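# Coordinate inspection notes
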Amino acid sequence: MMQAVAGDLADGGRIVNTSSGVTATAIPGIGLYPGAEAFIDQITKVAAFEFAARPITVNAVNPGSTATGPFADMSEQQLTQANSAFALGRIGQPRDVAGMVAFLTSADAEFVTGQVIYRAAGQTGPIRRG
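Residues numbered from 1 in each chain as written. Predicted model: local features only at pLDDT ≥ 70, side-chain atom pairs only at ≥ 80, totals over all residues. Heavy atoms only, no water.

## Thoughts on the overall build of the protein chain
In plain terms, the rule: What counts as a helix is a DSSP run of H or I of at least four residues, what counts as a strand is a run of E of at least two, and both are numbered from the N terminus. Residue exposure (1.4 Å probe, protein chains only): buried if accessible area is under 20% of the type maximum, exposed if over 50%, otherwise partly exposed. Any two residues whose heavy atoms approach within 4.5 Å are treated as being in contact. Only the protein chains shown count as cover for residues, with accessible areas throughout obtained via the Shrake-Rupley method and a probe of 1.4 Å. Positive charges come from Lys and Arg alone, negative charges from Asp and Glu alone, with His and the N- and C-terminal ends not counted. A charge is said to be at NZ when it belongs to Lys, at CZ for Arg, at CG for Asp and at CD for Glu.
Secondary structure summary: the protein chain contains four helices and three strands in total. Mapped in sequence order, the helices and strands of the protein chain form the string α-β-α-β-α-α-β. Projected onto its principal axes, the C-alpha coordinates of the protein chain cover approximately 50 × 30 × 20 Å. Taking all 130 residues of the protein chain together, 38% fall into the buried category. The contacts in the protein chain between residues at least 6 apart in sequence include a share of 76% that link residues at least 24 apart. In the structure as shown, the protein chain presents an accessible area of about 7700 Å², 59% of it carried by carbon and sulfur atoms. Here the protein chain carries 8 positive and 10 negative side-chain charges, and the mean point of each set is 6 Å from the other.

This is the structure we're talking about:
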């Protein structure tokens, strides 16, 4: 996908992949998912070199658990339990990831490439719904 997009991307453009914070921990029962996400991390680093001549930057954002999908409608009790899994005391919000993507696509990030950035608020383990 990056190669297909890069053909239409202007020199000096930005590519930001989205991976997952699960690449930083071992969660029993979901080995394939973190493996696929780790592939995104590695291909991001390789693509940074491949697109550097243009100079297109390539980075990845790895959010921790975020209040979307199955975590969007948690009860107050579930939310309190989920928040305890983060060093900063709260589950991630979409704005947390969006802010990092906005930075990586800005002129301020023209010297940032090949990076995998965890935006996980110090998540210390999985959260479960239910």
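## Points about the pattern of salt bridges
Where we set the bar: Within this document, salt bridges are pairs made up of a side-chain nitrogen of Lys or Arg and a carboxyl oxygen of Asp or Glu, the two lying within 4 Å of each other.
Counted according to the given criterion, the structure contains two salt bridges. The residue Arg54 makes a salt bridge to Asp11 at a minimum N-O spacing of 2.9 Å. Linking Arg54 in the loop between helix H2 (32-51) and strand S2 (57-63) with Asp11 in the loop between helix H1 (2-6) and strand S1 (14-18), this pair joins segments that are 43 residues apart in sequence. With a closest N to O distance of 2.9 Å, Asp96 and Arg90 form a salt bridge. Judged by relative accessible area, which is 15%, Asp96 ranks as buried.

## A short note on H2
Where we set the bar: Here a helix's expected span is defined as the number of its residues, less one, multiplied by 1.5 Å.
With 20 residues, H2 extends 28 Å between its outermost C-alpha atoms, agreeing within 8% with the 28 Å of an ideal straight helix rising 1.5 Å per residue. Here the buried face of H2 lies against H1, S1, S2 and strand S3 (116-119).

## A word on the sheet that holds S1
This is how the line gets drawn: DSSP calls a pair of strands paired once it identifies at least 2 bridges connecting them. Working convention: axes come from line fits to C-alpha atoms, limited for helices to the stretch in contact. Angles between N-to-C directions cover 0 to 180 degrees.
With respect to topology, three strands assemble into an open sheet ordered S1-S2-S3, the strand pairing being parallel. At either end of the open sheet lies a strand with only one pairing partner, and these are S1 and S3. Averaged over all neighbouring strand pairs, the angle between strand axes comes to 25°, with direction disregarded. With five bridges connecting them, S1 and S2 associate as parallel partners. Bridging from a neighbouring strand, Thr18 pairs with Val61 of S2. With respect to the sheet, H2 is in contact with S1, S2 and S3, its orientation differing from that of S2 by roughly 160°.

## Here's the deal with helix H4 (residues 94-104)
Counted only if it meets this: Starting at the helix axis, one direction is taken to each C-beta atom, and the arc is that of these directions.
For H4, the complete set of buried residues consists of Asp96, Val97, Met100 and Leu104. The arc enclosing the buried residues of H4, seen along the axis, measures out at 95°, which places them on a common side. Buried residues along H4 sit against S1, S2 and S3.

## Quick notes on the environment of Pro63
Mapping Pro63 onto the fold places it in strand S2. Overall, the relative accessible area of 13% leaves Pro63 in the buried class. Remark: the alpha-carbon pair of Pro63 and Ser20, spanning 43 residues in sequence, is separated by 5.5 Å. When residues no more than four places from it in sequence are discounted, the contact partners of Pro63 are Thr18, Ser19, Ser20, Gly21, Val97 and Arg119.

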